[in-house]
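If you want the building blocks of each chain, they are given just below.
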Amino acid sequence: MSALKVHNLYRYFGQLQAVNGVSFEVPHGSVCGFVGANGAGKTTTMRILATLDYPTMGVAEVCGINVVNHPAEVRRMIGWMPDHFGNYDHMTVLEYLDFYARALGYKGKERRQRVQEVMEFTDLVPLAERFSNKLSKGMTQRLGLGRSLLHDPQVLIMDEPAAGLDPKARVELKHLIRVLAQEGKTIFISSHILSELGEMCDSLLFINAGRIVHHGGAEDLRRSADALGGVLYDVQVANEAQHVADWCVLQPHVEFLEARKHGGRIRIEVDDPAKSADVLARMIKDGLKVVEFHREERNLEDAFIDILGRIERGEKNVVLPPPTPASQPAPVEVSTASPES
Ligand code: ATP
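Analysis parameters
- Residue positions are given per chain, counted from 1 along the sequence in the order it is written.
- Local features in this predicted model are restricted to residues whose pLDDT is 70 or higher, and side-chain atom pairs enter the listing and the counts only when it is 80 or higher, whereas totals over whole chains, interfaces and linings include all residues.
- Think of the side-chain values as coming from all heavy atoms in the structure, minus any hydrogens and water.
- Numbering of helices and strands runs from the N terminus; a helix is a DSSP stretch of H or I covering at least four residues, while a strand is a stretch of E covering at least two.
- Think of it in three bands: residues with accessible area under 20% of the maximum for their type are buried, residues over 50% are exposed, and the middle band is partly exposed, with areas taken using a 1.4 Å probe on protein chains only.
- Whether two residues are in contact is decided by their heavy atoms: any pair within 4.5 Å suffices.
- Throughout, the Shrake-Rupley method with a 1.4 Å probe supplies accessible areas, and for residues the shown protein chains are the sole cover considered.
- When charges are tallied, Lys and Arg are placed among the positive residues and Asp and Glu among the negative ones, while His and the ends of the chain are skipped.
- Every charge is mapped onto a representative atom, which is NZ of Lys, CZ of Arg, CG of Asp or CD of Glu.
- Each domain's extent was defined by an automatic or database domain assignment.
- The buried area of a pairing is the accessible area, by a 1.4 Å probe, that goes missing from both parts when the two are put together, added over both.
- What makes a salt bridge here is a side-chain nitrogen of Lys or Arg within 4 Å of a carboxyl oxygen of Asp or Glu, nothing more.
- N or O atoms within 3.5 Å of each other form a polar contact, as long as, within protein, one can give a hydrogen and the other can take it, and as long as residues adjacent in sequence are counted only when both atoms are side-chain atoms.
- When two cysteine sulfur atoms lie within 2.5 Å, the pair is treated as a disulfide.
- The span expected for a helix works out to 1.5 Å for each residue beyond the first.
- Nearness is judged by heavy atoms alone; a residue qualifies as near a molecule or strand once a single heavy atom is within 4 Å of it.
- When residues are sorted by character, Ala, Val, Leu, Ile, Met, Phe, Trp, Tyr, Cys and Pro go into the nonpolar class, Asp, Glu, Lys and Arg into the charged class, and all the rest, Gly among them, into the polar class.
- Here, strands pair whenever DSSP counts at least two bridges between them.
- Angles shown run from 0 to 180 degrees and are taken between the N-to-C directions of axes, each axis being a line fitted to C-alpha atoms and, for helices, limited to the stretch in contact.
- In this scheme, roughly parallel covers angles under 35 degrees and roughly antiparallel covers those over 145, while 65 to 115 is roughly perpendicular and the rest are oblique.
- Left-handed is the label given to a crossing in which the near helix is rotated counterclockwise from the far helix by less than a right angle, and right-handed is the label when the rotation is clockwise.

Student: Would you mind showing me how to read the overall build of the chain here?
Tutor: Scanning the chain from terminus to terminus reveals 11 helices and 14 strands. Oriented by its inertia axes, the alpha-carbon framework of the chain measures out at about 80 × 50 × 35 Å. The buried share of the chain, reckoned over its 341 residues, is 52%. Partitioning the intrachain contacts of the chain with sequence separation of at least 6 by distance along the chain shows that 70% fall at a separation of at least 24. Here the chain has roughly 16,700 Å² of accessible surface; of this, 52% comes from carbon and sulfur atoms. In the chain, the 38 positive side-chain charges and the 45 negative ones have mean positions that sit 4 Å from each other.

Student: Just to check I follow, could you spell out the domain arrangement of the chain for this structure?
Tutor: It is common to report an interface's size as the accessible area lost on association of the parts. Taken domain by domain, the chain holds domain 1 (4-87 + 135-216) and domain 2 (228-312). Between domain 1 and domain 2, the C-alpha centre-to-centre distance is 38 Å. Taken together, the contact pairs 10 residues of domain 1 with 6 residues of domain 2. Between domain 1 and domain 2, the buried area comes to about 640 Å², and carbon and sulfur atoms account for 77% of it. At the surface where domain 1 touches domain 2, the tally comes to 0 salt bridges. Applying the counting rule to domain 1 against domain 2 returns 0 residue pairs in polar contact (both at pLDDT 80 or more).

Student: Could you clarify how one ought to interpret the pattern of salt bridges in this entry?
Tutor: Where side chains of opposite charge bring their charged atoms close, a pairing between them can arise. Inspection of every chain in the model, using the stated rule, returns 13 salt bridges. With a shortest N-O distance of 3.3 Å, Arg-265 and Glu-258 are connected by a salt bridge. Here Arg-260 ties to Glu-296 by a salt bridge, and the two come within 2.4 Å at their closest N and O atoms. With a gap of 36 residues between them, Arg-260 in strand 12 (residues 254-260) and Glu-296 in strand 14 (residues 290-296) connect regions that are remote in the sequence. What makes Glu-296 buried here is its relative accessible area of 16%. What you see here is one network of salt bridges that share partners, running through Asp-234, Glu-258, Arg-260, Arg-265 and Glu-296.

Student: How should I be thinking about the state of the cysteines in this particular structure?
Tutor: Working definition: the covalent bond between the sulfur atoms of two cysteines is a disulfide. Counted by the stated rule, this structure contains 0 disulfides. The closest cysteine sulfur to the non-disulfide-bonded Cys-32 is located on Cys-201, 6.8 Å from its own sulfur.

Student: Would you take a moment to explain helix 11 (residues 300-312) for this structure?
Tutor: The α-helix advances 3.6 residues per turn, and as a result positions three or four apart in sequence lie on the same side. Across its 13 residues, helix 11 extends 18 Å between first and last C-alpha, which sits within 8% of the 18 Å expected from 1.5 Å per residue. Residues of helix 11 that are buried include every one of Leu-300, Ala-303, Phe-304, Asp-306, Ile-307, Leu-308, Gly-309, Arg-310 and Ile-311, and no others. Just downstream of helix 11 lies Gly-314, where phi reads positive at about 85°.

Student: Is there a simple way to explain the site of the ligand in this structure?
Tutor: For the ligand, the set of nearby residues contains 13 residues, the closest of which are Gly-39, Gly-41, Lys-42, Thr-43 and Thr-44. Between Asn-38 and the ligand, the recorded distance is 3.1 Å, taken from a side-chain N or O atom to an oxygen atom. Residue Thr-43 places a side-chain N or O atom 2.6 Å away from an oxygen atom belonging to the ligand. For the ligand, the accessible surface in isolation is 640 Å², of which the surrounding protein chains cover 60%. At the level of elements, strand 2 (16-26) and helix 1 (42-49) are the ones that each hand at least two residues to the shell around the ligand. Broken down by element, the residue count for the shell around the ligand peaks at 3 residues, all from helix 1. Classifying every residue of the shell around the ligand gives 5 nonpolar, 6 polar and 2 charged.

Student: Would you explain the sheet that holds strand 12 in this entry?
Tutor: The pairing of strands in a sheet happens through backbone hydrogen bonds and is either parallel or antiparallel. Read across the sheet, 4 strands follow the order 12-13-11-14 without closing on themselves; strand pairing throughout is antiparallel. Each of the sheet's edge strands pairs with one partner strand only, and the pair in question is strand 12 and strand 14. On average, each strand axis in the sheet is inclined to that of its neighbour by 25°, with strand direction left out of account. Sheet topology places strand 12 next to strand 13 (residues 263-268); 6 bridges connect them, and they run antiparallel. Of the residues in strand 13, the one forming a bridge with Val-254 is Ile-268. Contacts between helix 9 (residues 241-249) and the sheet are confined to strand 11 (231-237), strand 12 and strand 13, with strand 12 contributing the most and set at about 160° to the helix. Sheet contacts for helix 10 (residues 276-285): strand 11, strand 12, strand 13 and strand 14; angle to strand 14, the most-contacted strand, approximately 160°.

Student: Would you explain the packing of helix 3 (residues 93-103) against helix 4 (residues 108-121) in this entry?
Tutor: Two quantities define a packed helix pair, namely the angle between the axes and the distance from one axis to the other. For the pair helix 3 and helix 4, interaxial distance at closest approach is 10 Å and the crossing angle is 125°. Classified by the angle their axes make, helix 3 and helix 4 are oblique. When you trace helix 3 past helix 4, the crossing you get is right-handed. Here Val-93, Leu-94, Leu-97, Asp-98, Ala-101 and Arg-102 of helix 3 come into contact with helix 4, specifically with Arg-111, Val-115, Val-118 and Met-119. For the contact of helix 3 with helix 4, the per-class residue count stands at 7 nonpolar, no polar and 3 charged.

See below:
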């Protein structure tokens, strides 16, 4: 049984199709990054999972429990960290956490102990007496994380927790997420910062205009972009840089993308990146004095944007299945279904 399971989920706001036939599963104990542009449908999906909103249609489950039918049970299992949450003026960090611990039903010594544990974990002990509305953004996020951890939930749903954090605070947050993952918690985290998510997530779930367009590892995404959009190389030559551009014009499946000092950036369309060696061999045979032929790894943002462009142009099968299905998370889905009215 998966920690999170969403099947054919729809959420309409009037005519606006915010979530449009979304299906995915997140295995227990894994970290899944939820990525998409502004308005793609991340918060709406997360709010439904967190029992704060109802789907128009479809099923959402947390640890096998239906979020619509059994919201109270689901709430016990999840920690919800929204993108914005209010602090109470004139309430210290300690009072704030204590207040929520009381609301969760903790009493006496157990409550004090739980608050202390959470403050230690989130490194808030030195700030215990600071007013909660006088915290920096990073401290506020740690407080929000602490609040969502008070009842020791199995599943953590975090909506853009890194938004607005400086690099140091981001590293701290990333560290905390790693520790929570090592403890076996399932973490579902949304972000715009794709490269960071790639590092800490077991799988990435991409949503675009309310539809899932990719679910897999960061490598699968790069691989798909490479296979469909060509492999990128930086070529440096000892001859005139223009030679590279002129040479590319005459080659099948090779495109000159941009000039660089002593050469340029080229794209080679091959079904297997290893075949790029044939292109290098041809360059040398044709008299180009190649001093460097260096493969550029697409960053995740480029790969995602590349794939989105293909989807928008109506291309099919734009994301490749993972290379080893047994060890990879849920399959790719490009939903084209529309709900019955
Ligand atoms: P962001 O990264 O900007 O937070 P998101 O991916 O989380 O975006 P959502 O907040 O889920 O996107 O919004 C999806 C779409 O649904 C948007 O067009 C948004 O304006 C709309 N929407 C969300 N909530 C409501 C609501 N309560 N009423 C009407 N429209 C809404």
